[in-house]
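# Overview (structure and organization)
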Amino acid sequence: MLEAILLTVITAATPLVIAALGELVTERSGVLNLGVEGMMIMGAVVAFVATQTTGSPYIGVVAGITAGAAFSLLFGFLTLTLVANQVATGLALTILGLGLSGQIGESYVGQPGIKLQPINIPILGDIPFLGPLLFRQDLIFYLSIALVIGIHWFLFRSRTGLKMRAIGDNHSSAHALGINVIRTRYLAVMFGGACSGLAGAQLSLVYTPQWVENMAAGRGWIALALVVFASWRPLRVLAGGYLFGAVTIGQLHAQAFGIGIPSQFLSALPYVATIVVLIIISHNRRTTLINTPASLGKPFVPER
Amino acid sequence: MTVSEGPAGNPLLSVRQLTKYFGSFAACSGIDLDIAPGEIHALLGENGAGKSTLVKMLFGILEPSEGAILWNGKPAVIRSPSEARSLGIGMVFQHFSLFEALTVAENIALSLDPKISLAKISDEAAMLSQAYGLPLDPKAHVADLSVGERQRIEIVRALLQNPKLIILDEPTSVLTPQEADRLFETLFKLKAEGRSVLYISHRLEEVRRICDSATVLRHGKVTGTCDPKQETPASLARMMVGADVSDVSRGTGSQLGDVQIEVASLSVPARTPFAVPLRGIDMQVRAGEVLAIAGVAGNGQGELFDVLSGEHTVADNDAIRIRGNAVGKAGINARRLLGAGFVPEERHGHAAVSEMSLSDNLLLARSQPDRRALLSGGALSVIRHGAVRSAARRICEEMDVRKSGDDPAAGSLSGGNLQKFIVGRELDRQPVVLVVNQPTWGVDAGAASRIRQALVDLARAGSAVVVISQDLDEILEIATNIAVISEGRLSRSFAAGDLSLEKIGLMMGGIHDSTHSEAAHAH
């Protein structure tokens with residue numbers, strides 16, 4: 001029973017963690033992309049359509065990632081090259097993604113999908129309790145864990161990550177040091193898009209293997225909030241994502257048991273709990289300040 | 001004055017007839033400079049004398065218009081800061097370009113070869129900071145560091161590249177005295193290793209204390225090369241400010257009226273570690289008087305202006321009086337209501353909102369009674385755009401403000417024209433008391449003379465005018481009385497005719513007359 005509940009928690013948390021990690025990288029470079037929801041839903045629909053067409057959910061995963069990255073490229077072109085307002089462009093990207101995905105997926109609504117099958121890691125998968133939870137999972141779960149570790153290493157250990165944090169902190173000084181601000185930001189934006197696309201693919205290939213219009217259901221916005229409340233630190237994103245997933249699943253079970261709490265309140269619980277916990281974690285103003293990208297959302301136009 | 005040669009005889013860096021034009025304006029003109037190996041060479045000059053332009057040419061940021069730079073006797077063309085670095089020139093800027101969110105080691109790493117590991121950089125930085133007495137924790141975040149510590153990062157960053165010449169641009173302007181002493185010890189260590197230092201400053205005492213030779217600039221030209229230890233502060237000041245005083249009729253000072261603004265034994269502690277405390281300021285300005293306050297930058301001028309204008313109020317309400325009313329605790333608007341006007345030093349973002357039009361800037365600077373003519377609708381305060389615009393137009397005509405368009409944004413005007421507008425804006429209110437900080441700083445000669453004329457005319461019409469200025473020519477041109485501020489102390493005021501340039505120079509160097517014996521310089 002517990003094992004089954006925990007499995008659903010993991011499945012619910014994974015897309016949040018992946019999308020938030022992608023946005024974390026984007027924001028660390030100083031770009032605020034509010035289009036996570038839109039990129040996610042594009043990833044979901046394209047992954048589903050590709051899977052249905054080819055019969056291979058792995059091709060679907062690749063297609064979802066590509067769709068997210070390509071969609072973010074539009075955002076990058078508008079905000080980085082044409083220096084459009086990042087907030088407005090991000091919101092437009094979400095609205096566009098919701099509409100466009102509905103259009104693309106229209107004829108696929110209600111079709112039974114193909115689920116991405118778990119990969120059993122030999123030996124580790126046989127560990128009692130932990131084995132089925134952590135080592136008999138699908139590819140996207142493994143990727144999400146690899147992303148947490150990889151991004152943490154990249155940001156805080158690698159020289160390229162250092163340059164990216166420098167750009168996020170002060171793009172003018174970074175430019176003066178000879179770092180290519182615009183190119184780095186393009187890559188960061190596209191990485192964020194690819195992660196959102198992957199998170200979307202998880203929704204339509206693992207979480208509920210089918211296409212339903214607007215199936216991201218606000219997860220993109222949760223991911224955005226997670227990044228801020230996790231003060232731009234990957235490990236905290238992981239913790240926040242799992243907390244949110246756990247409370248979501250927990251309150252569903254509570255509703256099923258019919259305890260005497262209004263269901264609206266229970267539905268709100270994951271949001272409240274996640275925000276409260278992450279605020280408590282990030283109450284240290286100094287750490288928050290040091291981790292907040294100071295040039296977030298500010299357009300960069302190199303002097304000539 | 002002798003040209004001092006280093007012990008080795010051959011200079012490390014020579015500059016010959018170096019000239020830089022901005023348009024037709026020569027920021028540097030025919031500069032000659034020799035820096036010997038292992039010497040600390042001072043580059044002295046007032047603000048705007050061309051020091052920064054010269055240094056930027058040496059560090060490859062600006063391209064010289066004419067002249068040559070010789071490195072170890074060979075002609076060198078320095079096209080970029082990285083070329084300067086590879087020659088062996090390191091630079092510590094006045095304003096640092098550090099990343100607040102990153103650690104010390106990370107900041108240093110960003111300007112070095114990416115192949116060197118962060119751990120190695122940390123070790124080397126720690127070692128260097130030990131060796132040169134620049135305590136620095138490589139793991140500390142820049143956001144947590146003081147300005148002095150941030151400067152150490154820049155110095156260590158420069159030292160990591162093993163330079164032969166280190167240029168420091170006004171390094172002590174951001175330091176506390178204790179931090180400055182530490183910096184000097186570091187400079188002596190560098191010198192002992194045979195490295196040369198080009199030390200840019202306008203602080204005479206400092207230069208006399210640590211420099212082996214000095215080149216003095218004024219209006220973009222070399223006015224002297226000397227051994228500062230052989231000079232007096234007065235003789236250095238004379239080279240800095242020049243002796244070419246123009247002959248202009250001053251106010252007579254005989255028909256002065258009542259005291260309009262008065263400061264009595266006002267002391268204000270420093271608000272930040274880098275501010276100057278005001279110590280026992282006494283000042284009286286009468287109707288018809290132009291009191292000019294001379295002084296080398298950073299001796300409390302900004303702090304004095306702030307307490308006079310009410311930007312910072314003081315604890316003792318009676319310490320400042322405008323037309324007999326105690327205003328120490330009153331804000332700017334309350335002081336304006338008494339008939340005072342103020343022109344702060346910074347034009348952009350302080351005296352004017354750069355993005356807004358001239359008429360908006362006019363309206364913003366008006367307090368209740370003056371505003372009445374510009375507003376209608378009683379409590380609704382509807383702006384009468386026509387009235388505001390015509391007032392702005394009147395000011396522009398009065399002060400000969402040249403602008404593009406009818407009512408352009410303040411930021412689109414040249415410095416001189418904007419300054420004329422700002423001064424005109426205050427004059428339009430016919431203030432009884434006007435306090436101006438650096439009225440013609442960075443302003444072209446034509447605009448400067450227009451502004452000076454307006455200030456003199458205002459005093460002649462019976463107002464009390466206080467001008468805080470670093471420009472001695474300006475002071476001698478317009479002042480009826482002169483006082484000198486040094487280290488937060490204000491001398492008594494002297495009739496302009498009674499003061500020689502020599503004496504002003506001495507007072508600027510911190511040597512006051514006997515009535516202020518406690519102010520005698522500590523060094």
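Here the structure is a predicted model, which means the values were calculated and not measured. (Residues numbered from 1 in each chain as written. Chains lettered and ligands numbered in written order. Predicted model: local features only at pLDDT ≥ 70, side-chain atom pairs only at ≥ 80, totals over all residues. Heavy atoms only, no water.)

Moving on, we come to the overall build of chain B. Within chain B, the regular secondary structure consists of 17 helices and 23 strands. Scaling as 2.2 N^0.38, a compact globule of 523 residues should have a C-alpha radius of gyration of about 24 Å, and chain B matches this with 25 Å. The principal-axis extents of the C-alpha atoms in chain B amount to approximately 70 × 50 × 45 Å. Counting all 523 residues of chain B, 54% fall into the buried class. Charge-centre separation for chain B: the mean point of 53 positive side chains lies 3 Å from the mean point of 62 negative side chains. (Helix = DSSP H or I, 4+ residues; strand = E, 2+ residues; numbered from the N terminus. Rg over C-alpha atoms; globule rule 2.2 N^0.38 Å. Buried < 20%, exposed > 50% of the residue type's maximum accessible area, 1.4 Å probe, protein only. Lys, Arg positive; Asp, Glu negative; His and termini not counted. Charge placed at Lys NZ, Arg CZ, Asp CG, Glu CD.)

It is worth spelling out the packing of helix H2 (residues 36-54) of chain A against helix H9 (residues 181-207) of chain A at this point. Residue and element names in this part refer to chain A. Here H2 crosses H9 at 55°, and the two axes come no closer than 6 Å. Judged by the inter-axis angle, H2 sits oblique to H9. For the pair H2 and H9, the sense of crossing is right-handed. Across from Val36, Met39, Met40, Gly43, Ala44, Ala47, Phe48 and Thr51 in H2, the residues of H9 making contact are Gly192, Gly193, Ser196, Gly197, Ala199, Gly200, Ala201, Leu203, Ser204 and Leu205. When grouped by side-chain class, the residues that make up the contact of H2 with H9 number 10 nonpolar, eight polar and no charged. (Axes fitted to C-alpha atoms, helices over the stretch in contact; angles between N-to-C directions. Parallel < 35°, antiparallel > 145°, perpendicular 65-115°, else oblique. Left-handed = near helix turned anticlockwise from the far one by under 90°. Contact = heavy atoms within 4.5 Å. Nonpolar A, V, L, I, M, F, W, Y, C, P; charged D, E, K, R; others polar.)

Once that is clear, we can look at the interface of chain B and chain A. Listed as interface residues are 19 residues of chain B and, on the opposing side, 13 residues of chain A. The contact between chain B and chain A buries some 1,400 Å² in all, and 61% of this surface belongs to carbon and sulfur atoms. Together, B:Phe99, B:Ala101 and B:Leu110 form the three largest contributors to the area buried by chain B at its contact with chain A, with a combined 41%. Across the chain B-chain A interface, the total number found is one salt bridge. Across the salt bridge formed by A:Arg165 and B:Glu106, the nearest N and O atoms sit 2.7 Å from each other. Taken together, chain B and chain A are joined by five residue pairs in polar contact (both at pLDDT 80 or more). Elements that contribute at least two residues to the side of chain B that touches chain A include exactly helix H3 (104-110) and helix H4 (118-131) of chain B. (Buried area = accessible area lost by both parts, 1.4 Å probe. Salt bridge = Lys/Arg side-chain N within 4 Å of Asp/Glu carboxyl O. Polar contact = N/O pair within 3.5 Å; in protein donor to acceptor, adjacent residues only side chain to side chain.)

What follows covers the sheet that holds strand S12 (residues 278-286) of chain B. Hydrogen bonds along the backbone pair up the strands of a sheet, which may run parallel or antiparallel. Residue and element names in this part refer to chain B. Sheet architecture is open: four strands sit in the order S12-S11-S14-S15, paired in antiparallel fashion. Each edge of the sheet is formed by a strand with only one pairing partner; in this case those strands are S12 and strand S15 (325-326). Relative to S12, strand S11 (residues 259-268) runs antiparallel, the two being bridged by six bridges. Within the sheet, the bridge partner assigned to Ile261 lies in S12 and is Val285. The sheet strands contacting helix H9 (residues 301-309) are S11, S12 and strand S14 (320-322), and the helix crosses S12 at an angle near 60°. (Pairing = 2+ DSSP bridges.)

Of the residues in chain A, 99% have a pLDDT of 70 or more, and the chain-wide mean is 91. Per-element mean pLDDT across chain A ranges from 78 in helix H13 (residues 285-291) of chain A up to 97 in H2(A). (pLDDT = per-residue confidence, 0-100.)

What follows concerns the packing of aromatic side chains. Taken as a whole and assessed by the stated rule, the structure comprises five aromatic pairs over all chains. Aromatic pair B:Phe59 and B:Phe93: ring centres 5.9 Å apart, planes at 75°, arrangement edge-to-face. Taken together, the positions of B:Phe59 in the loop between helix H1 (51-58) and strand S4 (66-71) and B:Phe93 in the loop between strand S6 (89-92) and H3 put the pair 34 residues apart, joining distant regions of the chain. Look at B:Phe93 and you get partly exposed, because its relative accessible area is 29%. Here the basic side chain of A:Arg233 rests over the ring of A:Phe156, its NZ or CZ set 5.1 Å away from the ring centre. (Phe/Tyr/Trp six-rings, centres within 6.5 Å; stacked < 30°, edge-to-face > 60°. Lys NZ or Arg CZ within 6 Å of the ring centre and 35° of its normal.)

Residues and elements named next belong to chain B. When pLDDT is averaged across chain B, the result is 84; 90% of the residues are at 70 or more. For the stretch residues 1-8, pLDDT sits under 50, and the model shows 15 contacts to residues farther than four places along the chain or on other chains. Taken as a whole, residues 244-251 scores under 50 in pLDDT and shows 15 contacts with residues more than four places along the chain or in a different chain. Both scores are available for the predicted complex, with the pTM at 0.71 and the ipTM at 0.82.

Next up on the list: the UniProt feature "transmembrane region" (unreviewed entry) in chain A. All names here are of chain A. According to UniProt, the feature "transmembrane region" (unreviewed entry) maps to residues 29-51, 58-84, 139-156, 186-205, 211-230, 237-257 and 263-281 in the numbering used here. Regarding residues 211-230, the helix share stands at 55% and the strand share at 0%, and the terminal C-alpha atoms are separated by 31 Å. Taken as a whole, residues 237-257 contains 100% helix and 0% strand, while its terminal C-alpha atoms sit 30 Å from one another. (UniProt positions renumbered as here; feature names shortened; annotations may be inferred.)

This next bit is on the pairing of strand S7 (residues 165-169) of chain B. Residues and elements named next belong to chain B. Where burial is concerned, most of S7 is hidden: five out of the five residues are buried. The alternating pattern of S7 places Leu165, Ile167 and Asp169 on one face and Ile166 and Leu168 on the opposite face, and all of these are buried. Of the pairings in the sheet, the one linking S6 to S7 comprises four bridges and is parallel in character. Among the inter-strand pairings, Met91 is bridged to a residue of S7, identified as Ile167. Inspection of the sheet shows S7 paired to strand S8 (residues 196-201) by five bridges, in the parallel sense. Directly across from Leu165, in S8, lies its bridge partner Ser196.

Before going further, it helps to examine unusual backbone geometry. For residues that are not glycine, phi is negative in most cases, and the peptide bond is trans in most cases. You will see that A:Ala217, though not glycine, has its phi angle at about 50°, which is positive. One non-glycine residue, B:Glu487, adopts positive backbone phi at about 50°. By the secondary structure assignment, B:Glu487 is in the loop between strand S21 (481-486) and strand S22 (489-490). Here B:Glu487 falls in the partly exposed class, since its relative accessible area comes to 29%.

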